[in-house]
2 protein chains.
Amino acid sequence: MKIAVVGTGFAGRTLAGGLAELGHQVVIGTRDVAQTLARTKPDVMGNVAYPVWAQTHGHIGLAPFAEAAEGADFFVNATSGAHSVEALTAAGARNLAGKVLLDVSNPLDFQNGFPPNLFVKDTDSLGEQIQRAFPEARVVKSLNTMVGNLFVTPKAVADGDTTVWVSGDDAEAKRTVTELLTQFGWSDVIDLGGIATARATEMMVQVRLLTMTSIGTPMFNFKIAR
Amino acid sequence: MKIAVVGTGFAGRTLAGGLAELGHQVVIGTRDVAQTLARTKPDVMGNVAYPVWAQTHGHIGLAPFAEAAEGADFFVNATSGAHSVEALTAAGARNLAGKVLLDVSNPLDFQNGFPPNLFVKDTDSLGEQIQRAFPEARVVKSLNTMVGNLFVTPKAVADGDTTVWVSGDDAEAKRTVTELLTQFGWSDVIDLGGIATARATEMMVQVRLLTMTSIGTPMFNFKIAR
């Protein structure tokens, strides 16, 4: 597939790398290519600047949102939640129409510090906001319950014996995402239902981040033990 | 210890039974003893009426809230979230003063059907509401992330290899609760921090209930795999 990954941060790069390794043609979309390529400092989590990462990922393109999106068969939203709708709007509703949009974002609000609050929750979700903003896209929420390091390498924790959830209104789109997750090595994919069930997984972010603080590492994942 | 369990539902009975088995003297508090003893029908989850359960648990007392609470060393709040503050008020702030209060409730709002919404979340929690209402009690939130069947028998799922979280402002109270949890068989008890971190675990209820629907059983639990 031709895949557009919207967002140049750690989550987007990780998925771009993993999808390219599966043989897909991947372009990362950004607001301003020159600005992205001029970055030199690591981000707040200590991840290297985009150009440093790009040196070892020359097969992955970088283009303005709309150019990356044009003709793509599959989209990933890996922007920060507060800017997701804006970035996807720049990618173009027309480009998204009919396409699967894997949304890994969370509606984080850092105004009160750590742990973040959620700018939408419980009776609505960011997944639903994106689906409403782009009614012709086929939004699937997934991977938003873990640290980005695990997205494409689930075996990095507990030999991959952990859980990932999917939410979406379009059954075929969920099958496409589940197939990709399986190719990454995910073995326990739980389908929660329609995109409204993204509320449930988005509300897990506080327990994940506080658990990280308590156990002293982000390298863990939820497993539904049964 | 002399223990008062506030609430006659499945969660309260299960904890009452487990605590009595550990050798504690347990009294269950209810609003109206006569009414509780007059019940004949199973609850919405199919659990037998209180008097049926009481036939095999004659060593566990039943008393009006205030009477059950009087002189108790340790409290359990196992009422439905919407009525917790009211029930604990009836138990008496004076009785609760200085005592550990294990709160296993969730702020469920079933007005919109299933899955329930939360009547408090994200920037506040039921755990904090209870702590504010009874500032002299030492509230510890725990066990609210799983089906009641596992509270005192964690080995019923994955041979007990799953996780339980604790939140509370009082370190000694958390130690007391953690000791009881360990006696029940819990091996992975994660301390999230102060009572404000109850927000994090209370917000897990939707993913738990939707997962139950998806996998077809309530007999599972979250495990932090690392």
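Now for a quick tour of the structure. (Residues numbered from 1 in each chain as written. Chains lettered and ligands numbered in written order. Predicted model: local features only at pLDDT ≥ 70, side-chain atom pairs only at ≥ 80, totals over all residues.)

What about the nonpolar core?
Counting residues in each nonpolar core, the largest one holds 128 residues, and the members touching the most others are Ala4(A), Val5(A), Phe75(A), Ala4(B), Val5(B) and Phe75(B). Val5(B) has contacts with Gly12(B), Leu15(B), Ala16(B), Val26(B), Ile28(B), Gly29(B), Val76(B) and Ala78(B), leaving out every residue within four places of it along the chain. (Core = buried A, V, L, I, M, F, W, Y, C linked by C-beta atoms within 7 Å. Buried ≥ 20, exposed ≤ 12 C-beta atoms within 10 Å, placed from the backbone. Contact = placed C-beta atoms within 7 Å.)

What about the pairing of strand β5 (residues 100-103) of chain B?
All names here are of chain B. Burial of the side chains of β5 extends over both faces: Val100 and Leu102 are buried on one face and Leu101 and Asp103 on the other. Sheet topology places strand β4 (residues 74-77) next to β5; 4 bridges connect them, and they run parallel. Across the sheet, phenylalanine 75 pairs through a bridge with leucine 101, a residue of β5. Here β5 runs beside strand β8 (residues 138-142); their pairing, made up of 4 bridges, is parallel. If you follow leucine 102 over to β8, its bridge partner there is valine 140. (Helix = DSSP H or I, 4+ residues; strand = E, 2+ residues; numbered from the N terminus. Pairing = 2+ DSSP bridges.)

Considering the interface of chain B and chain A
Chain B puts 34 residues into the contact, and the matching count from chain A is 34 residues. When residues in the side of chain B that touches chain A are grouped by element, the largest group, 6 residues, is from helix α10 (residues 205-215) of chain B. Classifying every residue of the side of chain B that touches chain A gives 16 nonpolar, 11 polar and 7 charged. One ladder, built from 5 bridges, connects strand β11 (residues 221-225) of chain A with strand β11 (residues 221-225) of chain B; its direction is antiparallel. What sits directly across from Asn221(A), in β11(B), is Ala225(B). (Nonpolar A, V, L, I, M, F, W, Y, C, P; charged D, E, K, R; others polar.)

Section: the relation of the copies chain B and chain A
When chain B is brought onto chain A, the operation consists of a screw motion whose angular component is 180° and whose axial shift is 0.0 Å, with 0.0 Å RMSD remaining. Look at the turn and shift together and you get a two-fold axis relating the two. When you check the interface residues of chain B against chain A, 100% turn up at the interface there too, and the contact is symmetric in its surfaces. (Least-squares fit on C-alpha atoms with pLDDT ≥ 70 in both.)

Overview of the environment of Ile215(B)
With respect to the helices and strands, Ile215(B) occurs in helix α10. Looking at Ile215(B), the number of C-beta atoms within 10 Å reads 15, which means it is partly exposed. In this structure, Ile215(B) is in contact with Ile190(A), Arg226(A) and Phe220(B), ignoring residues within four places of it in sequence.

A short note on the packing of helix α5 (residues 84-91) of chain B against helix α7 (residues 126-133) of chain B
Residue and element names in this part refer to chain B. Between α5 and α7, the shortest axis-to-axis distance is 10 Å and the interhelical angle comes to 30°. Classified by the angle their axes make, α5 and α7 are roughly parallel. Crossing handedness for the pair α5 and α7: right-handed. Each of Ser84, Val85 and Leu88 in α5 lies in contact with α7, whose residues at this interface are Leu126, Gln129, Ile130 and Ala133. (Axes fitted to C-alpha atoms, helices over the stretch in contact; angles between N-to-C directions. Parallel < 35°, antiparallel > 145°, perpendicular 65-115°, else oblique. Left-handed = near helix turned anticlockwise from the far one by under 90°.)

Take it as geometry only, folks, not as evidence of what the structure does.
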